[in-house]
Amino acid sequence: MTSEMILTSRKYLQYHQEKFGYEKANTDFVQGYLESLGEAGIQSDCCDVLISNCVICLCPDKRAVLQEAHRILKDGGEFYFSDMYASKAVPESLKQDPVVWGEGMGGALYWKDLISVVKELGFSTPYLVTASKILVHNSEILKKTGDIAYASGTYRFFKLPKSRTNKKAVVTYRGTIPDYAEQLDFDALHVFKKGEAVSVDAEMAAVLQCSRFAPHFTVQSSDNTSASEGETQQYCHLNPFLLADRLGTSVQKSSKPGPCDKKEGAGAP
């Protein structure tokens, strides 16, 4: 964002404060780079939830972005974001192409690399919420990208406390999240119905105990220690291309207004 955009946004703080009935403004606009949020004055362990909509594909250093996200989140904090992903590693030539980069395609992460980096930095396994295939019709761009396919995907993952139990659990949703009284679609794999006991692995149990979802679940730990899932199974249900196929969702890719010109499913809580 430019300085002018920040100044324009700040002009409407009072308007939105009054419109939504807050006694004082609860929004602030800060200018900086995702790769170095500390330089923008954002402290460590200060955020409950981070939300990003299709901008990380335009950041050159994805690892630095995710590392900063981990730094500023509190224990139990969540990173919930949508972005563009590639079906294979994007070659350096495409990253240097200004048109392909500007479309978000040159900087799109190979989806498996997202999972690897997130785990290396200490986050939980990513949970895939929704996905759509991106249909590219520009012949010049198709000629450059070749056999690389693209999809938009929404993931959520959590910064879990280092000291936590590693046990499976039986969890029950209380039905207390506004607008989700009967059912919580946590991601594409986990659906929690009010009052229905569900067995979950140790990591999901930790997420529901340590995050903002804790007040909305009862969690009863089992005596079994959770074993790690195999990579094939884990990656299968985190593949945005497979989920898009299952959902039958796709979006048109155009040069305007940008890489987020899409419509996906309803946002999760």
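Residues numbered from 1 in each chain as written. Predicted model: local features only at pLDDT ≥ 70, side-chain atom pairs only at ≥ 80, totals over all residues. Heavy atoms only, no water.

> Explain the packing of aromatic side chains residue by residue, including any values.
Summed over the entire model, instances satisfying the criterion amount to 14 aromatic pairs. Each ring, one from Tyr127 and one from Phe186, has its centre 5.5 Å from the other, and the planes form 80°; the classification is edge-to-face. Here Tyr127, found in strand β4 (residues 127-136), pairs with Phe186, found in the loop between β7 (183-185) and β8 (191-193); they are 59 residues apart in sequence, far enough to count as distant. Each member of the pair Tyr127 and Phe186 is classed as buried. Aromatic pair Phe158 and Phe213: ring centres 6.5 Å apart, planes at 70°, arrangement edge-to-face. Taken together, the residues Phe158 in strand β5 (residues 150-158) and Phe213 in the loop between α8 (202-210) and β10 (217-225) connect sequence positions 55 residues apart. Residue classification places Phe213 among the buried positions, given a relative accessible area of 1%. Joined through ring pairs, the aromatic side chains of Tyr127, Phe158, Tyr173, Phe186, Phe192, Phe213 and Phe217 make up one cluster. The residue whose ring lies beneath Arg156 is Phe186, and the NZ or CZ to ring-centre distance is 4.7 Å. (Phe/Tyr/Trp six-rings, centres within 6.5 Å; stacked < 30°, edge-to-face > 60°. Helix = DSSP H or I, 4+ residues; strand = E, 2+ residues; numbered from the N terminus. Buried < 20%, exposed > 50% of the residue type's maximum accessible area, 1.4 Å probe, protein only. Lys NZ or Arg CZ within 6 Å of the ring centre and 35° of its normal.)

> Explain the confidence of the model for the protein chain to me, and be specific about the residues and the numbers.
For the protein chain, mean pLDDT is 90; residues scoring 70 or higher make up 90% of the total. Scored below 50 in pLDDT, residues 228-233 makes three contacts in the model with residues more than four places away or belonging to other chains. Across residues 256-266, confidence stays below pLDDT 50; counting only partners more than four residues off in sequence or on other chains, it has 27 contacts. (pLDDT = per-residue confidence, 0-100. Contact = heavy atoms within 4.5 Å.)

> Tell me about the nonpolar core, residues and numbers included.
Formed by 31 residues in total, the largest nonpolar core has its most connected members in Leu66, Phe79 and Leu114. For this core, the elements supplying multiple residues, two or more each, are β1 (47-53), α3 (62-72), β2 (73-86), α6 (111-120), β4, β5 and α10 (240-247). Element by element, the count of residues in this core is highest for α6, at five residues. Apart from the residues lying within four places of it in its own chain, the contact partners of Phe79 are Leu50, Ser52, Ile56, Leu66, Ala69, Leu73, Tyr155, Arg156 and Phe157. Formed by 18 residues, the second largest nonpolar core is a distinct cluster that contains Ile177, Leu184, Met204 and Phe217. (Core = buried A, V, L, I, M, F, W, Y, C linked by side-chain atoms within 4.5 Å.)

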